[in-house]
Amino acid sequence: MTWFKKFGPDNPNPSFEHLLWMMRESGWRVAAHNDYFQDGRSMTFWLFTHPSGRFVKGEGPLDLNALSQCAQQMLAIEEGKS
C-alpha cells in the first residue's frame, strides 16, 4: 500500500500535519522551506529530497498548496510516471 492511498479518495483533504507525516513516513525529508513576499503577496516554498536521489518542490500562497504540489510529484515518482 502506498502512502498516497491514505491521501486519496478516502481522505482527499488531509491536514497539513497529516500530509507532512505521510511524506516523512515514505522517506521524504524537508530540504528547504521558505516564506517570502512576492509582489506584496505572502508565498511559501517547500523542497523535499528522498534517499533515492529524487527531489520535489512546491510553491504557493499557502503551505497546503505547496505541499499538495509536492504530493502530486511524489505520487508520479512512486508510480513511475516521472
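Residues numbered from 1 in each chain as written. Predicted model: local features only at pLDDT ≥ 70, side-chain atom pairs only at ≥ 80, totals over all residues. Heavy atoms only, no water.

Asks: Describe in detail the overall build of the protein chain, supporting the description with residues and values.
Replies: In terms of helices and strands, the protein chain carries two helices and three strands. Along the protein chain, from the amino end to the carboxyl end, the secondary structure elements read α-β-β-β-α. Taken over 82 residues, the protein chain has a buried fraction of 33%. Considering only intrachain contacts with a sequence separation of at least 6, the fraction spanning at least 24 residues in the protein chain is 31%. Counting every atom, the protein chain has about 5200 Å² of accessible surface; 52% of that belongs to carbon and sulfur. (Helix = DSSP H or I, 4+ residues; strand = E, 2+ residues; numbered from the N terminus. Buried < 20%, exposed > 50% of the residue type's maximum accessible area, 1.4 Å probe, protein only. Contact = heavy atoms within 4.5 Å. Areas by Shrake-Rupley, 256 points an atom, 1.4 Å probe, with all protein chains shown as cover.)

Asks: How would you sum up the sheet that holds strand S3 (residues 55-60)? Please name residues and give values.
Replies: Across the sheet, which stays open at both edges, the three strands sit in the order S1-S2-S3 with antiparallel pairing between neighbours. One side of each edge strand has no neighbouring strand; the edge strands of this open sheet are strand S1 (29-38) and S3. Looking at each pair of strands side by side, their axes are set apart by 10° on average, direction ignored. Sheet topology places strand S2 (residues 41-49) next to S3; six bridges connect them, and they run antiparallel. Looking at the pairing, Leu-47 lines up with Lys-57 of S3. Contacts from helix H1 (residues 16-25) reach S1 and S2, with the element oriented near 25° to S2. Its contacts with the sheet place helix H2 (residues 63-78) against S1, S2 and S3, and it is angled at close to 150° to S3. (Pairing = 2+ DSSP bridges. Axes fitted to C-alpha atoms, helices over the stretch in contact; angles between N-to-C directions.)

Asks: Could you give me a rundown of the packing of H1 against H2, with the residues and numbers involved?
Replies: Put simply, H1 and H2 touch, their axes get as near as 10 Å, and they point 30° apart. One way to sum up the angle between H1 and H2 is to call them roughly parallel. Remark: the crossing between H1 and H2 carries left-handed chirality. On the side of H1, the interface is formed by Phe-16, Leu-19, Leu-20 and Met-23, while H2 contributes Asp-63, Leu-64, Leu-67, Ser-68, Cys-70, Ala-71 and Met-74. (Parallel < 35°, antiparallel > 145°, perpendicular 65-115°, else oblique. Left-handed = near helix turned anticlockwise from the far one by under 90°.)

Asks: Tell me about H1, and name the residues and values.
Replies: Those residues of H1 that sit buried are Leu-19, Leu-20, Met-22 and Met-23. Each buried residue of H1 lies within a common arc of 160° when the element is viewed along its axis, so the set occupies one face. Opposite the buried face of H1, at more than 90 degrees from it, the exposed residues are Glu-17 and Glu-25. Summarising the contacts, the buried residues of H1 are in contact with S2 and H2. Phi turns positive one or two residues past the end of H1, at Gly-27, with a value near 95°. (Arc of directions from axis to C-beta.)

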